[in-house]
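Architecture and fold: a report
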Amino acid sequence: MGRLAVCVCSGGIDSTVAATIASREGYELHVLHVSYGQRAELREREAVKKISAYLGAVELKFTTAEMIKELGGSALTDYSRDVPAGEEVKLDRNETPPTWVPCRNLVLLSLASAYAEAIGADSIFVGFNAEEAKSYPDNSKEFVERYNAVLEKAVASFSTPPELRAPLVDLLKPEIIKKGMEVGAPLKFTYSCYLGGEKHCGLCESCQHRRRGFREAGVEDPTEYEAFAQASL
Ligand SMILES: [Zn+2]
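In what follows, the accompanying structure is described.

1. Examining the coordination of the zinc ion
Every protein donor of the zinc ion is listed here as Cys-193 (SG), Cys-201 (SG), Cys-204 (SG) and Cys-207 (SG), and their distances to the metal cover 2.3 to 2.4 Å. Mapped onto the sequence, the donors of the zinc ion take the spacing C-x7-C-x2-C-x2-C. By the burial criterion, Cys-201 is buried, and Cys-207 matches it.

Right, here's the structure in full:
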């Protein structure tokens, strides 16, 4: 039997490139998508279905951690709060962005780890990267190392702990897009917008990263945006 990988996939660029890398390494892909009450859930699910089919995943599982929404603390899950867009997106890294979801990656990884142990997967692939780690410490190399240390004691004595792998952990968005082109990732199927509209809004932080990433990578952006802010965003 080949090696199995659980790929945590939001439907965005980063996790899609990471899953594609797993596929190119010869892993049998078991894709996991987690809903946590995010605004874009419907679009994310559509994207993940296309991406999984394209990559030939043997299994696609949708699960939920919607308790995160009930616990609150994020503009992504509390629809009464505004998601910053356009000029409002702050580049100030001295405060927690409203789009932070409290401990989200820790919760998602707990589910992915349970899945990995259950099916005997030897790796869990995630799209954590240096771009996100600027604002979100649960995308950092240090977080990955510490999580792997926890995993050793999180599985049964006779299970082999899966390894959390973040192949993009040192890369910024343009480098991730270049990497995606190199490995043949289905970037055209990805969805990044925080707002969850049919088209990408073009103005939220995630859309801004996406637009800038394609532009700086020198790769044609396949995305249709509702609006274009200034080129400097
Ligand atoms: Zn957007």
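Additional details are given in the paragraphs that follow.
2. Let's talk about the pattern of salt bridges
Per the counting criterion, the structure on display carries 10 salt bridges. The partner of Glu-46 in a salt bridge is Arg-43, with the nearest N and O atoms 3.7 Å apart. Here Glu-46 and its partner Arg-43 are both found in helix α2 (residues 41-55), three residues apart, which amounts to about one turn of the helix. By relative accessible area, which is 37% here, Glu-46 ends up partly exposed. A salt bridge links Glu-182 to Lys-179, with the nearest nitrogen and oxygen atoms 3.5 Å apart. Placement of both Glu-182 and Lys-179 in helix α7 (residues 173-183) is noted, with a separation of three residues, approximately one turn of the helix. Residue classification places Glu-182 among the exposed residues on the basis of a relative accessible area of 62%. Residue classification places Lys-179 among the partly exposed positions, given a relative accessible area of 27%.

3. Quick look at the packing of aromatic side chains
With the rule as written, the count across this model stands at five aromatic pairs. Plain terms: the ring middles of Trp-100 and Tyr-136 are 5.6 Å apart, the flat faces sit at 25 degrees to each other, and that makes the pair stacked. Taken together, the residues span a long stretch of sequence, with Trp-100 in the loop between α3 (67-71) and α4 (104-119) and Tyr-136 in the loop between α5 (130-133) and α6 (141-152) at a distance of 36 residues. Each of the two residues, Trp-100 as well as Tyr-136, counts as buried. A network of ring pairs unites the aromatic residues Phe-128, Phe-143 and Tyr-147 as a single cluster. The ring of Tyr-27 has Arg-3 sitting right over it, with the charged end atom 4.1 Å from the ring centre. Lying over the aromatic face of Phe-62, Arg-45 brings its terminal NZ or CZ to 4.1 Å of the ring centre.

Definitions and cut-offs
- Residues numbered from 1 in each chain as written.
- Predicted model: local features only at pLDDT ≥ 70, side-chain atom pairs only at ≥ 80, totals over all residues.
- Heavy atoms only, no water.
- Donors = N, O, S within 2.8 Å, 3.2 Å for Na, K, Ca; no water.
- Buried < 20%, exposed > 50% of the residue type's maximum accessible area, 1.4 Å probe, protein only.
- Salt bridge = Lys/Arg side-chain N within 4 Å of Asp/Glu carboxyl O.
- Helix = DSSP H or I, 4+ residues; strand = E, 2+ residues; numbered from the N terminus.
- Phe/Tyr/Trp six-rings, centres within 6.5 Å; stacked < 30°, edge-to-face > 60°.
- Lys NZ or Arg CZ within 6 Å of the ring centre and 35° of its normal.

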